[in-house]
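# Chain and residue survey
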Amino acid sequence: MTEAAAGGGRERMRVMRTPKSVDIDITDRCNLRCRYCYFYTSPADVKDLPQEEWLRFFDELNRCAVTTVCLAGGEPFIREDLQDILAGVVRNRMRYSILSNGTLINDDIVSYIASTRRCDYVQVSIDGSIPITHDSFRGQGSFFRAVEGIRCLQRNKVPVAVRVTIHRQNVHDLENIAKLLLEDIGLPSFSTNSAGYMGLCQKNTEQVQLSTEDRHLAMTTLLKLIEKYGERISATAGPLAEARGWREMEEARRRGLESLPGRGCLVGCGCTFDKIAVRADGVIVPCNMLSHIELGRINVDSLASIWLNHASMWKIRERRSIPLSRFEFCRGCEYINYCTGNCPALAYSLLGEVDHPSPDACLRKYLAEGGKLTEEVEG
Amino acid sequence: MAEDKPTVNPSVILREEFDDWAVLFDPDTAEGYALNPVGVLIWKLLDGSRTLNDVVGAVKDNCEEVPPEVTDHCREFIGELVKQGLAGYEVNK
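Read on for a plain summary of the structure. (Residues numbered from 1 in each chain as written. Chains lettered and ligands numbered in written order. Predicted model: local features only at pLDDT ≥ 70, side-chain atom pairs only at ≥ 80, totals over all residues.)

### Things to note about the overall build of chain B
The helix and strand tally for chain B stands at three helices and five strands. Taken from N to C terminus, the helices and strands of chain B fall in the order β-β-β-β-α-α-α-β. If you line up chain B on its principal axes, its C-alpha atoms span 40 × 35 × 15 Å. When burial is assessed residue by residue, chain B has 18% of its 93 residues classed as buried. For chain B, restricting intrachain contacts to residue pairs at least 6 apart in sequence, the fraction spanning at least 24 positions comes to 48%. (Helix = DSSP H or I, 4+ residues; strand = E, 2+ residues; numbered from the N terminus. Buried ≥ 20, exposed ≤ 12 C-beta atoms within 10 Å, placed from the backbone. Contact = placed C-beta atoms within 7 Å.)

So this is what it looks like as structure tokens:
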């Protein structure tokens, strides 16, 4: 799309003057090499910036009235200067969250986090109810250390979030994982996703990614767990989100609805309307999963200007006006007017195109491969 | 008196969004408060150097169709900001 075309979008779309939040890969380093990590081998896999660069950038975020940052990586707790970095976040009037594998969390840093009273949550990845399941793709010893990390956060009264990434080795363990997290450890809730075709997962897809049968099992199990635990289990992507989304789409088809509100175009992602991301090398990108789209560099280019004016940001926002009927991939699909086109980052990693529906969460494709919807819909 | 000259809580963020509307975000509580354009104007005046009467005067100068109860409205609004911890009064001034 040209600048002029992007400008047309600017007239139609209302966008905040500055991003509300920023996702920051605070480090490139990690003590683990999980076999489905989206980060490694991606364009985000770069060298770390010194602390001074981040602190300077946080001053700019303050001037931009950014309210929250999400610190990820890599493994944020591997940074020896994490406390100084968090102090910079707090000094600049922001709240923060941290995404972690949990294995490097200790009382020293967690007591500091608690003292800031600005931490929304620390998210720890737990992929199994027992070491053999969790460690299968994360490495020996990581389960016990991650659980101890959660205990440490709880002990210090820091809000804990847990993300369960569903893959071939743990899809049969979901009930036990829910029991571990919600009953034994006593978390208020956890969220789920599944290993996506990004980063290291691209090399290990046969071992890692859910088959069609696995996917159905995951959806069925998660919906049963929802009956038991209610909204304590959530998802914005992966089998649980698909189970709900696909059920809604099938229901619409059965009822003969012309469309679902806001569907039928590439509306699968709204992230670029309220947040932006930064790679570990300081390159500003639209999303840490679209890290090949370089928009500028922190402390060199103006974040506010990139947010409001960069053609690539508008091109991604403008995806929302691209009808699915434009794509050969969607031609003849009876779900087309109920579909969102799904995640642009997965579309890119699978097809090399951002402006394309992602085949990964395509209901028609799933059914064609022998997939079944959940019983409530099949009824 | 210092009590006459309210000032904003410096930790609170003013996020100006669309059409001159804004949100006050208190990072210590994670609470957000919507402000209309007049509220934004008043917020920007609360720097510890202006009395309520100064603020009312500025509102009259910058806004159209100002109601006769403007002083009461401004007092209530500033009082609510103080009550929520979003503004206060400097001591020992």
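From this point on, the discussion continues.
### Concerning the overall build of chain A
When helices and strands are tallied, chain A shows 15 helices and ten strands. Relative to the globule expectation of 21 Å for 379 residues, the C-alpha radius of gyration of chain A, 21 Å, shows essentially globular dimensions. The principal-axis extent of the C-alpha atoms belonging to chain A is close to 55 × 55 × 35 Å. The buried share of chain A, taken over its 379 residues, is 49%. Considering only residue pairs separated by 6 or more positions, chain A has 76% of its internal contacts joining residues 24 or more positions apart. (Rg over C-alpha atoms; globule rule 2.2 N^0.38 Å.)

### Overview of helix α3 (residues 82-91) of chain A
Residues and elements named next belong to chain A. Those residues of α3 lying buried are Leu82, Ile85, Leu86, Gly88 and Val89. Down the axis of α3, the buried side of the element spans an arc of 150°, and every buried residue falls inside it. In this structure, the buried residues of α3 make contact with α2 (51-63), β2 (68-72), β3 (95-100) and α4 (107-116). At the C-terminal side of α3, Arg93 shows a positive phi close to 65°. (Arc of directions from axis to C-beta.)

### Considering the sheet that holds strand β2 (residues 13-16) of chain B
All names here are of chain B. Here we have three strands laid out as an open sheet, ordered β2-β3-β4, and antiparallel in their pairing. Looking along the sheet, the strands with just one partner apiece sit at the ends: β2 and β4 (31-35). Taken over all neighbouring pairs, the strand axes of this sheet differ in orientation by 25° on average, direction set aside. Taken strand by strand, helix α1 (residues 37-45) contacts β2, β3 (22-26) and β4, and its axis lies near 110° from that of β4. (Pairing = 2+ DSSP bridges. Axes fitted to C-alpha atoms, helices over the stretch in contact; angles between N-to-C directions.)

### Here we look at helix α10 (residues 239-255) of chain A
Residue and element names in this part refer to chain A. Over its 17 residues, α10 runs 24 Å from end to end, which matches the ideal 24 Å to within 8%, given 1.5 Å per residue. Those residues of α10 that sit buried are Pro239, Leu240, Glu242, Ala243, Trp246, Met249 and Glu250. Looking one or two places after α10, you find Gly256, whose phi comes out positive at around 70°. (Expected span 1.5 Å × (residues − 1).)

### As for the interface of chain B and chain A
Each partner contributes residues to the interface: chain B has eleven residues there, and chain A has eleven residues. With four residues, the top contributor of residues to the side of chain B that touches chain A is β2(B). Its residues assigned to classes, the side of chain B that touches chain A shows six nonpolar, one polar and four charged. (Nonpolar A, V, L, I, M, F, W, Y, C, P; charged D, E, K, R; others polar.)

### Observations concerning unusual backbone geometry
Residues other than glycine predominantly adopt negative phi, and peptide bonds predominantly adopt the trans conformation. All names here are of chain A. Cis geometry is adopted by the peptide bond preceding Gly74, which originates at Gly73 and carries an omega value of 20°. Looking at the secondary structure, you find Gly74 in the loop between β2 and α3. The phi dihedral of Ala65 is positive, around 60°, even though this residue is not glycine. Phi angles above zero are rare outside glycine, and Arg117 is one such case at about 55°. Looking at the element boundaries, Arg117 is found in the loop between α4 and β4 (119-125). Exposure remark for Arg117: the 13 C-beta atoms within 10 Å place this residue in the partly exposed category.

### A few points about the sheet that holds strand β10 (residues 296-297) of chain A
Residue and element names in this part refer to chain A. Strands sit in the order β7-β6-β5-β4-β3-β2-β1-β8-β9-β10 across an open sheet of ten strands; the sheet is mixed. Bordering the open sheet on either side are β7 (233-235) and β10, each of which pairs with just one other strand. When strand β1 (residues 21-25) meets strand β8 (residues 275-278), the two strands line up parallel, connected through four bridges. Pairing of Ser21 across the sheet is with Lys275, part of β8. α10 rests against β5 (160-166), β6 (190-194) and β7 of the sheet, and its axis sits at about 75° to β7.

### Digging into the pairing of β4(A)
Residue and element names in this part refer to chain A. A large share of β4 lies buried, amounting to five of its seven residues. Crossover handedness for the path β3 to α4 to β4: right-handed. The sheet contact formed by β4 and β5 spans four bridges and is parallel. When the sheet's bridge partners are listed, Gln123 is paired in β5 with Ala161. (Right-handed = clockwise from strand over helix to strand, strands pointing away.)

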